[in-house]
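Here are the chains, one letter per residue:
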Amino acid sequence: MSGAAADGEEFRTAARPGAGEVTATVIVDAPAPRVFAALTAWERQSDWIPFTRVRLVQGDGGEGSLVEAVTSVGPAVLRDEMRVVRVDAPYEVRVVHCGRLLRGPGVLRCTQMDRDRTQVVWHEWFHLPGGSAGRFAWPVLWPGSKVGLTQALKRFARLVEQGRLP
């Protein structure tokens, strides 16, 4: 199999939902187009995701773009590569985590509740490393993941409401 064909199959595998599922939700006091613009200002995610630097590696931030998020806490460093696979502004953006460790699809959705309020849902389906041990450990790890995502979204909401994002 050629390298391109192998990479295509590897990407299709990464795009399948994994067993590790996490969802976080927040209500933002702002209209959906403004909230969506803030969510997809990829490099500004560094402002609201703790310990994380986000940069656009390839593309313009739209479909086909490659985004890299590097989270560093002390000596621990986690590199997350995401391919933007769908943009339906101002409602939804879909990514596929396609790095070595973090793999699986993710979606950020904006639902307009009324003229000045938007619900944001961040949903991820990660592939779990370690086979059955990883599946066993996920229920223990999941609450921390949900707490982290929820806290990041709360900070995001504050920044949007204060006019500091996008």
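Chemist: Can you walk me through the side chain of Thr52 in this structure?
Modeler: Checked against the element boundaries, Thr52 lands in strand 2 (residues 52–58). In this structure the side chain of Thr52 is engaged in a polar contact, spanning 2.7 Å, whose partner is the side chain of Thr71.

Chemist: What exactly am I supposed to notice about the packing of aromatic side chains here?
Modeler: For any pair of aromatic rings, the description consists of the separation of the ring centres together with the inter-plane angle of the planes. Taken as a whole and assessed by the stated rule, the structure comprises 2 aromatic pairs. Aromatic pair Trp48 and Trp122: ring centres 6.0 Å apart, planes at 75°, arrangement edge-to-face. Taken together, the residues Trp48 in the loop between helix 2 (32–39) and strand 2 and Trp122 in strand 7 (residues 117–126) connect sequence positions 74 residues apart. With respect to class, Trp48 is no different from Trp122; both count as buried. Judged by centre distance (4.8 Å) and plane angle (55°), the rings of Trp48 and Phe156 are tilted. Taken together, the positions of Trp48 in the loop between helix 2 and strand 2 and Phe156 in helix 3 (residues 131–161) put the pair 108 residues apart, joining distant regions of the chain. The exposure class of Phe156 is buried, given its relative accessible area of 0%.

Cut-offs used in this document
- The numbering scheme is per chain: residues are counted from 1 as the chain's sequence reads.
- The predicted origin of the model limits local features to residues at a pLDDT of at least 70 and limits the giving and counting of side-chain atom pairs to 80 or more, whereas totals for whole chains, interfaces and linings rest on all residues.
- Calculation of side-chain values draws on the structure's entire complement of heavy atoms; hydrogens and water are dropped beforehand.
- Note on conventions: DSSP H or I runs of at least 4 residues are helices, E runs of at least 2 residues are strands, and numbering of each starts at the N terminus.
- Definition of a polar contact: a pair of N or O atoms within 3.5 Å, with one able to donate and the other able to accept a hydrogen when the atoms are protein atoms, and with sequence-neighbouring residues admitted only if both atoms are side-chain atoms.
- Any pair of Phe, Tyr and Trp rings, taking the six-membered ring for Trp, is counted once the centres come within 6.5 Å. Such a pair is stacked with planes under 30 degrees apart, edge-to-face with planes over 60 apart, and tilted for the rest.
- Burial classes: relative accessible area under 20% of the type maximum marks a residue as buried, over 50% as exposed, and values in between as partly exposed (1.4 Å probe, protein chains only).

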